[in-house]
Amino acid sequence: MAYVLAGGRGSRLKELTDRRAKPAVYFGGKARIIDFALSNALNSGIRRIGVATQYKAHSLIRHMQRGWNFFRPERNESFDILPASQRVSETQWYEGTADAVYQNIDIIQDYGVEYMVILAGDHVYKMDYEWMLQQHVDSGADVTIGCLEVPRMEAVGFGVMHVNDKDEIIAFVEKPADPPPIPDKPDFSLASMGIYVFHTKFLLDALRRDAADPNSSRDFGKDIIPYIVKNGKAVAHRFAKSCVRSDFEHEPYWRDVGTIDAYWQANIDLTAIVPELDIYDKSWPIWTYAEITPPAKFVHDDEDRRGSATSSVVSGDCIISGAMLNNSLLFTGVRANSFSKMEGAVILPNVKIGRRAQLKNVVIDHGVVIPEGTGRRRGCRARCQALPADGKRHLPDHATDDRQAGYLTYESSFGFVRSLPFDQDRGSGRCVRRPADCSESLRGRDQDPSTRLSRRHEGHSRRRHQARIPRPAW
């Protein structure tokens, strides 16, 4: 049985996780982050899956109900969504990763499974868990831990395994200043991937022991694993041995996408001619909710008004109406209107982009409306200069912490637009981008929302809009 831990918020993703848990964040044009762990389990032959949810789980639960509802009990298959429901105490939610499994022990026992694969639901990778299960059985280990080989001094932010020449774990060190090297690769260390294989009976006994300890934090990485390393047998499984790679993938691919920068980069990487992650590999499909949509459409072919895309990924139901895309990734249902330009843009579903908008190196959340802009309006220059030395007076509260990372975040009644690091002059406290590159700040913020409509793509009638609401100012 695969048990996926999907209750975390992922606070470093800022506004992207204000309304959804990190595993529910969109990725790759049509999938969610959790689809990678679930697809790995399904493709590995695992037909019993449980998903523990907690933080703002509605979006995640709705996605799994729509996209993962094909398991059949008559074929000994099951897919259980396990939200925190105070099963142990009326005042106790999931208090940690281990507790999220402990509170559902009765459900696990009812299935009578022999082995448990514990997975994190917020990483992007392709892996065949069968190889890891086979190593666990052959080694006779109490726990087998999935590990990633990383350059030694880059492992300071991970839980690191100190192993012997048989990959048996001697010690588990959390975020060490001097990470222990791998015996056969002294310049590398083994970092935990948060993937564990247990014999079911051993795991349940370990969870009960941990639950009885008043000093425990109820966490696998902090409590369960260190105890087993000290008192039992723990073995490391190297990700390179079970990483699934197509003919076009040369290196093992694993990403945390836990920050805005990492999330943006991982999505933009998919637009490369030969991306590091092959999502087109039919031998290892990434299963997800297959929304029924019409095909993408590109219209207009004038000299300065041509619907076009280069080195970009465009999903279904997108209409590129006289807009230009370069090195961008568009999710379902995006509307890009004439003369707008997007470069390095990750645009989530149902975004509307007004005429002449200029978007560069941005992540735009679901349902945001980018108003029309010419790049010459006064409001743009005033807002571009809103980066004072103290970083507080002009920026909204949720953006003050991003100043040091080089972000500007603009808030509107429709959602958030976050621009990735830009060229700036810290001494003058002034953003030195051209106003034309700052479309997220164009048009008056205080304008009546009823008139802030993005234009429907050219060729479609506006009669029913004109009959009910005022004509836009443009």
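Everything below is about the structure printed above this text.
Overview of the structure. Small disclaimer: the values here were computed from a predicted structure and weren't measured.

**Describing helix 1 (residues 34-43)**
Within helix 1, nine of the ten residues are buried, which leaves it mostly tucked inside the rest of the structure. Turning to helix 1, its buried residues number three or more, namely Ile34, Asp35, Phe36, Ala37, Leu38, Ser39, Asn40, Ala41 and Leu42. Glycine 45 occupies a position one or two residues after helix 1 and carries a positive phi of about 95°.

**Description of the side chain of aspartate 210**
Its location among the elements puts aspartate 210 in helix 6 (residues 200-211). No salt bridge is formed by the buried aspartate 210. Its closest oppositely charged neighbour is arginine 218, at 4.3 Å. The residues touching aspartate 210, leaving out its near neighbours within four places in the chain, are Ala98, Ser216, Arg218, Asp223 and Ile224.

**A few points about the layout of surface pockets**
Each pocket or cavity is described by its volume, and for the largest pocket that value is around 1,400 Å³. If you trace the largest pocket, you find 47 residues lining it, with Ala120, Asp122, His123, Gly194 and Asp256 closest to the centre. Elements supplying a minimum of two residues to the lining of the largest pocket: strand 4 (48-53), helix 3 (97-102), strand 6 (115-120), strand 10 (169-174), strand 11 (188-199), helix 7 (220-231), strand 13 (254-255) and helix 9 (260-269). Classifying every residue of the lining of the largest pocket gives 18 nonpolar, 18 polar and eleven charged.

**Considering the sheet that holds strand 22 (residues 335-336)**
Where strands meet in a sheet, backbone hydrogen bonds hold them as pairs that are either parallel or antiparallel. Judged by pairing direction, the sheet is parallel, and its five strands sit side by side in the order 14-19-22-24-26 without closing on themselves. Where the open sheet ends on each side, the last strands, each with one partner, are strand 14 (297-299) and strand 26 (369-370). Here two bridges tie strand 22 to strand 24 (residues 352-353), and the two strands are oriented parallel to one another. Residue pairing across strands places alanine 336 opposite isoleucine 353, the latter belonging to strand 24.

**Some details on the packing of helix 6 against helix 7**
Contact geometry of helix 6 with helix 7 gives a least axis separation of 11 Å together with a crossing angle of 115°. Here helix 6 runs over helix 7; the crossing is right-handed. Within the contact between the two elements, helix 6 uses Phe202, Leu203, Ala206, Leu207, Arg209 and Asp210 and helix 7 uses Phe220, Asp223, Ile224, Tyr227 and Ile228. Of the residues in the contact of helix 6 with helix 7, the class split is eight nonpolar, no polar and three charged.

**A short note on the pattern of salt bridges**
Summed over all chains, the structure comprises 22 salt bridges. Across the pair arginine 19 and aspartate 365 runs a salt bridge, and its minimum N-O distance is 3.9 Å. Of this pair, arginine 19 sits in the loop between strand 1 (2-5) and strand 2 (26-27) while aspartate 365 sits in the loop between strand 25 (358-364) and strand 26, placing them 346 residues apart in sequence. Each of Glu149, Asp167, Asp184, Lys185 and Arg238 takes part in salt bridges that share partners, so that together they form one network.

**Considerations on the pairing of strand 4**
Buried residues dominate strand 4, accounting for six of its six residues. Residues Arg48, Gly50 and Ala52 point to one face of strand 4 and Ile49, Val51 and Thr53 to the other, with burial holding for every one of them. The pairing of strand 1 with strand 4 spans four bridges and is parallel. Bridge pairing in strand 4 places tyrosine 3 opposite glycine 50. Between strand 4 and its parallel partner strand 5 (residues 78-83), the chain crosses via helix 2 (residues 58-67), and the hand of that crossover is right-handed.

Cut-offs and rules
- Residues numbered from 1 in each chain as written.
- Predicted model: local features only at pLDDT ≥ 70, side-chain atom pairs only at ≥ 80, totals over all residues.
- Heavy atoms only, no water.
- Buried < 20%, exposed > 50% of the residue type's maximum accessible area, 1.4 Å probe, protein only.
- Helix = DSSP H or I, 4+ residues; strand = E, 2+ residues; numbered from the N terminus.
- Lys, Arg positive; Asp, Glu negative; His and termini not counted.
- Salt bridge = Lys/Arg side-chain N within 4 Å of Asp/Glu carboxyl O.
- Contact = heavy atoms within 4.5 Å.
- 1 Å grid on protein atoms, 1.4 Å probe; cavity = no way out; pocket = protein on both sides within 12 Å on 5 of 7 lines; lining within 4 Å.
- Points joined across faces, edges and corners; volume = space filled by probe spheres on them.
- Nonpolar A, V, L, I, M, F, W, Y, C, P; charged D, E, K, R; others polar.
- Pairing = 2+ DSSP bridges.
- Axes fitted to C-alpha atoms, helices over the stretch in contact; angles between N-to-C directions.
- Left-handed = near helix turned anticlockwise from the far one by under 90°.
- Right-handed = clockwise from strand over helix to strand, strands pointing away.

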